[in-house]
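Geometric and topological summary
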Amino acid sequence: MKDKAKAVSLLFILFIKAKSKKDYLKKVLRVIKKWIGSKHIGIRVIDTIGNIPYESYIGFDREFWEVENDINVNTSSCICTRVITGTQEAMDSPFMTTGGSFSCNDTDKLAHNLKGKDLSLLRGKCLEYGYKTLLVIPIKNKKGIVGVIHITDEETNKFDKSTVEFLEYIARFIAEAIQRFDLQEKLKKSEASLAKAQRIARLGNYEIDFSKNKIWWSQEVPNILGMRIKEAQPHKELFLQHIYPEDRALFIKKVKEALQTQRPVSLDHRVVGANGSIRFVHQDLEVVLNGEGEASLIFGTIQDITKQKETENRLHHLATHDYLTSIPNRYLLSERIAQAIEKGKKGIVSSLLFFDIDNFKQINDSLGHSVGDEIIVSVVKVIQGNLGEKDCIFRFGGDEFAILLDDMTNRDPYQEAEKLRKAIKEADYIDIPTKEVFDITISIGVVNLQGLENEHQVLILADNALYKAKQGGRNRVVLANPKENYILKLTETNKTVRLVRKALKEDAFTLYAQPIIDLKDNKVAYYELLLRLIDKNGSIKTPSSFIPIAERFGLMSQVDYWVIQRAMMLMSSFEEEQFFINLSGISMGNEALFKLIKEGLTEYQIDPQRICFEITETAAVKDFIKAKDWILKIKKLGCKFAVDDFGSGFSSFSYLRLLPVDYVKIDSSFIHNIHKNPTNYALAKAINEVSHTLNKKTIAEGVYDEKTIKMLKELGFNYGQGYYYGKPEEVNINKML
């Protein structure tokens with residue numbers, strides 16, 4: 001057989017059904033023997049220390065196997081090791097193919113043309129056993145060579161050029177299969193620790209064969225579905241029966257989608273056990289094509305993720321609630337405002353109170369953050385004790401809070417705000433260590449949601465009202481004036497838009513750099529390049545003040561262009577330093593930007609391995625397929641990729657498993673107080689372990705003290721980044737060198 005498509009299809013089916021890597025390679029040798037008619041075939045696979053033993057072989061006797069099995073790519077020199085390492089002796093050149101194989105159809109001539117001392121380069125055994133033909137095919141994937149196919153025969157001129165090219169082609173698929181088996185083995189070894197993290201549970205696989213209208217499944221599938229022992233024989237209808245009734249349509253829809261698009265699909269759904277218990281599972285479905293390009297079967301994996309879902313629910317609580325006070329945060333506030341606006345359209349009016357603690361910065365600066373935290377907790381308790389049953393308080397950030405007052409039909413929002421202001425002023429706040437009593441006051445901006453259209457409008461009005469309360473002397477309530485303040489905020493937004501456009505035109509951006517430290521040796525491993533904007537007064541503006549507006553007004557792609565161009569110009573001034581460069585989610589799939597990156601690597605003669613692009617978790621999950629394709633496309637250039645702020649967007653670990661990134665930057669909210677916060681410790685540990693299992697390196701963001709660094713090292717994090725190591729500074733080439 002030299003039909004490459006059919007050969008690969010058969011190899012894929014062997015891969016699916018193989019029990020292990022050894023079992024797979026044994027079956028592969030049998031079909032190769034059948035295809036090319038050679039009696040002596042072996043497959044060597046490189047182990048962790050450089051040995052290349054025969055993983056499987058046919059036709060070689062035990063003496064040959066024992067001698068030839070003791071070879072190491074680092075210490076031995078033979079044809080196999082030289083094919084793997086890419087080194088050559090003079091004798092090799094005439095027999096090397098463009099695909100990196102060694103193909104000799106007459107070993108007698110080869111030996112005759114060599115001097116006696118060079119016979120050792122053949123290791124002698126092939127000639128001693130009378131093999132006339134010698135063929136060594138590299139088994140290589142994108143990362144490099146993982147082994148070789150070693151073929152010999154007693155006949156001369158056994159293999160023509162087309163046979164060699166055919167073997168080189170299928171060797172690439174064999175390499176991918178070996179890599180997948182190795183990854184599965186690593187995942188199995190990590191199963192215990194992953195189980196503690198409650199992320200990866202039981203895993204089964206199945207095949208739906210359309211030609212036979214049958215289903216086959218592994219022994220774990222019945223356990224995951226909760227079947228009785230007597231009903232555990234594979235059956236399509238039985239499989240569907242155990243899918244939760246309301247989820248069956250989704251499963252069928254995904255199967256049809258996989259068949260129509262011939263692309264992998266995934267879904268999460270519920271299953272019902274024989275005893276009525278409900279569990280959550282994750283499924284990955286992939287269509288397998290026959291030689292005619294038609295769907296022959298669906299290969300599926302099913303994984304019990306019940307514990308992971310429970311953990312995700314806890315993570316969701318953490319993502320939507322403040323860690324200090326346990327009240328909802330701004331993410332949940334966004335949802336509730338949207339709901340309140342919709343209710344307003346039906347005549348149920350709500351109001352928003354936006355407040356902060358007066359002079360809170362002075363409290364933090366003079367008494368420390370721990371005292372500040374105690375005051376925040378106390379303020380929240382006082383507020384909660386004075387709210388209506390359906391009212392809710394949210395921590396917006398720092399000492400800023402929002403209160404959503406539900407159904408104001410018989411209530412006045414201004415009077416409600418006054419009641420809360422007085423309650424805070426009349427309460428006593430005592431610092432336990434010093435027993436000092438503080439007088440705390442708050443300023444409140446009030447917004448009536450009736451007639452408002454979106455969260456953006458609500459928060460602008462609330463912020464303007466709070467600002468007026470502050471300007472008016474603090475410890476007071478101000479009712480928002482929708483028309484006046486909204487127009488004012490739009491004016492500020494327009495100013496920012498003009499400022500960004502001017503910066504693009506006049507090159508008024510600049511790059512800052514912050515070091516990323518290798519936690520093994522405490523040396524700088526990388527620098528992250530961070531964008532800053534210089535306004536007309538020479539003041540430096542951080543991205544949070546202009547990036548959201550640039551995104552909203554369609555300027556972000558131009559900003560990304562500027563960053564890429566300037567970053568590559570900067571990198572050309574360095575020889576070895578490596579840099580992380582941020583890309584916005586809006587620029588994903590931008591062909592012009594991709595062309596800029598590709599041409600820039602050539603123009604500035606930059607090793608692509610020195611660049612790692614970053615994209616936030618939120619942007620990646622928002623359009624997962626697009627993000628995955630974009631990442632793979634850039635990685636083909638040789639660049640690396642990182643997912644930034646992981647955890648902040650609250651994604652399933654299934655996304656991390658499927659995203660082809662090299663680094664996972666764990667959001668600072670999980671790193672904060674890791675040495676004394678058990679929840680943050682457990683979450684950071686889980687993310688780190690899962691990332692390492694998936695061969696992704698981890699970077700802890702927001703490192704501020706030595707205790708955190710010590711804990712990160714104990715957990716096995718790869719890198720750290722934060723103010724402890726260095727604040728972002730304007731790029732200074734001499735200083736960085």
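The sections below set out a description of the structure shown in this document. Treat the numbers as computed from the prediction; the structure is a model and nothing was measured.

Remarks on the overall build of the protein
Regarding its fold elements, the protein presents 28 helices and 27 strands. The buried share of the protein, taken over its 737 residues, is 50%. For the protein, the share of sequence-separated contacts (at least 6 apart) that also reach a separation of at least 24 residues comes to 64%. Accessible area for the protein stands at about 36,900 Å²; split by element, carbon and sulfur atoms hold 49% of it.

Things to note about the side chain of Asn 718
Topologically, Asn 718 is positioned in the loop between α27 (706-715) and β26 (719-721). A distance of 2.8 Å separates a polar atom in the side chain of Asn 718 from a polar atom in the side chain of His 692. The residues contacting Asn 718, other than those within four sequence positions of it, are Ile 517, Asp 518, Leu 519, His 692, Lys 697 and Thr 698.

As for the packing of helix α21 (residues 591-603) against helix α23 (residues 624-635)
The interhelical angle for the contact between α21 and α23, taken along N-to-C directions, is 20°, at an axis separation of 11 Å. The angle between α21 and α23 places the two elements in the roughly parallel class. Judged by the twist between their axes, the crossing of α21 over α23 is right-handed. On α23, the residues that touch Glu 591, Leu 593, Phe 594 and Ile 597 of α21 are Trp 630, Lys 633 and Ile 634. Residue composition of the contact of α21 with α23, by class: 5 nonpolar, no polar and 2 charged.

Notes on the packing of aromatic side chains
Throughout the structure, instances matching the rule amount to 26 aromatic pairs. Summarising the aromatic geometry, the rings of Tyr 704 and Tyr 723 are spaced 5.8 Å apart at their centres and angled 75° between planes, so their arrangement reads as edge-to-face. Pair noted here: Tyr 704 is in the loop between β25 (697-701) and α27 and Tyr 723 is in the loop between β26 and β27 (729-730), with a separation of 19 residues, a long-range link. Among the aromatic side chains, those forming a connected cluster through ring pairs are Phe 12, Phe 15, Tyr 24, Phe 173 and Phe 181. Against the face of Phe 396 rests Arg 330, its NZ or CZ located 4.1 Å from the ring centre. Its end group placed over the ring of Tyr 512, Arg 532 keeps NZ or CZ at 5.2 Å from the ring centre.

With respect to the sheet that holds strand β2 (residues 54-58)
Spatially, 5 strands are ordered β2-β1-β5-β4-β3 in an open sheet, and the strand pairing comes out antiparallel. Where the open sheet ends on each side, the last strands, each with one partner, are β2 and β3 (102-104). When the angles between neighbouring strand axes are averaged without regard to direction, this sheet yields 15°.

What to know about the environment of Ile 36
Within the secondary structure, Ile 36 is located in helix α2 (residues 21-36). You can call Ile 36 buried: its relative accessible area is 14%. Along the chain, Ile 36 and Thr 163 lie 127 residues apart, while their C-alpha atoms are 7.5 Å from each other. If near-sequence neighbours (up to four positions away) are discounted, Ile 36 is found in contact with Ile 41, Ile 151, Lys 158, Phe 159, Thr 163 and Leu 167.

Here we look at the packing of helix α20 (residues 556-571) against α21
Viewed as axis vectors pointing N to C, α20 and α21 meet at an angle of 5°, and their least axial separation amounts to 10 Å. Relative to α21, α20 is oriented roughly parallel. For the pair formed by α20 and α21, the contact residues are Asp 560, Tyr 561, Ile 564, Gln 565 and Met 568 on the first element and Ala 592, Leu 593, Leu 596, Ile 597, Gly 600 and Leu 601 on the second. Class assignment of the residues belonging to the contact of α20 with α21 gives a composition of 8 nonpolar, 2 polar and 1 charged.

Details of the nonpolar core
By size, the foremost hydrophobic cluster in this structure holds 74 residues, and its most contacted members are Phe 509 and Phe 613. In terms of residue count, the dominant contributor to this core is α20 (9 residues). When near neighbours in sequence (up to four residues on either side) are disregarded, Phe 509 contacts Val 500, Ala 503, Leu 504, Leu 531, Arg 532, Leu 533, Phe 546, Val 559 and Trp 562. Within the second largest apolar cluster, 39 residues are counted, among which are Phe 15, Ile 16, Ile 139 and Phe 299.

Considering unusual backbone geometry
Even without glycine at this site, Asn 475 takes up a positive phi of about 50°. Relative to the helices and strands, Asn 475 is located in the loop between α17 (455-471) and β17 (477-479). Given a relative accessible area of 21%, Asn 475 falls into the partly exposed group. For Asp 507, which is not glycine, the phi dihedral falls at a positive 60°. The residue Asp 507 is located in the loop between α18 (482-506) and β18 (509-518) in this model. For Asp 507, a relative accessible area of 38% translates into the label partly exposed.

Comments concerning the sheet that holds strand β16 (residues 442-448)
Pairing within the open sheet is mixed, and its 5 strands lie in the order β12-β13-β11-β16-β17. In the strand order of this sheet, the two ends are held by β12 (392-397) and β17, each with one partner. Adjacent strand axes in the sheet meet at a mean angle of 20°, parallel and antiparallel pairs treated alike. The pairing of strand β11 (residues 351-357) with β16 spans 7 bridges and is antiparallel. Pairing of Asp 356 across the sheet is with Ser 443, part of β16. Lying over the sheet, helix α13 (residues 330-345) contacts β11, β12 and β13 (400-405), oriented at roughly 130° with respect to β12. Contacts from helix α16 (residues 413-426) reach β11, β13, β16 and β17, with the element oriented near 165° to β16.

Observations concerning helix α15 (residues 369-384)
For α15, which comprises 16 residues, the first-to-last C-alpha distance of 22 Å matches the rise-based estimate of 22 Å (1.5 Å per residue) to within 8%. Among the residues of α15, those classed as buried are Val 371, Gly 372, Ile 375, Ile 376, Val 379, Val 380, Val 382 and Ile 383.

Some remarks on the pattern of salt bridges
Evaluation of the coordinates by the stated rule reveals 26 salt bridges. In this structure, Lys 27 and Asp 23 form a salt bridge, with 3.4 Å as the shortest nitrogen-oxygen distance. With a gap of 4 residues between them, Lys 27 and Asp 23 both fall in helix α2, about one helical turn apart. Residue Lys 27 is classed as partly exposed on the basis of its relative accessible area of 26%. Connected via shared salt-bridge partners are Asp 391, Arg 411, Glu 416 and Lys 419.

What about the pairing of β11?
The two faces of the sheet receive side chains in turn, since in a regular strand these alternate between them. A large share of β11 lies buried, amounting to 7 of its 7 residues. Where burial is concerned, the two faces of β11 agree: the one with Ser 351, Leu 353, Phe 355 and Ile 357 and the one with Leu 352, Phe 354 and Asp 356 are both buried. Where β11 meets β13, 6 bridges bridge the pair, whose relative direction is antiparallel. Following the sheet pairing, Phe 355 is matched in β13 by Phe 401.

About the thresholds
- Residues numbered from 1 in each chain as written.
- Predicted model: local features only at pLDDT ≥ 70, side-chain atom pairs only at ≥ 80, totals over all residues.
- Heavy atoms only, no water.
- Helix = DSSP H or I, 4+ residues; strand = E, 2+ residues; numbered from the N terminus.
- Buried < 20%, exposed > 50% of the residue type's maximum accessible area, 1.4 Å probe, protein only.
- Contact = heavy atoms within 4.5 Å.
- Areas by Shrake-Rupley, 256 points an atom, 1.4 Å probe, with all protein chains shown as cover.
- Polar contact = N/O pair within 3.5 Å; in protein donor to acceptor, adjacent residues only side chain to side chain.
- Axes fitted to C-alpha atoms, helices over the stretch in contact; angles between N-to-C directions.
- Parallel < 35°, antiparallel > 145°, perpendicular 65-115°, else oblique.
- Left-handed = near helix turned anticlockwise from the far one by under 90°.
- Nonpolar A, V, L, I, M, F, W, Y, C, P; charged D, E, K, R; others polar.
- Phe/Tyr/Trp six-rings, centres within 6.5 Å; stacked < 30°, edge-to-face > 60°.
- Lys NZ or Arg CZ within 6 Å of the ring centre and 35° of its normal.
- Pairing = 2+ DSSP bridges.
- Core = buried A, V, L, I, M, F, W, Y, C linked by side-chain atoms within 4.5 Å.
- Expected span 1.5 Å × (residues − 1).
- Salt bridge = Lys/Arg side-chain N within 4 Å of Asp/Glu carboxyl O.

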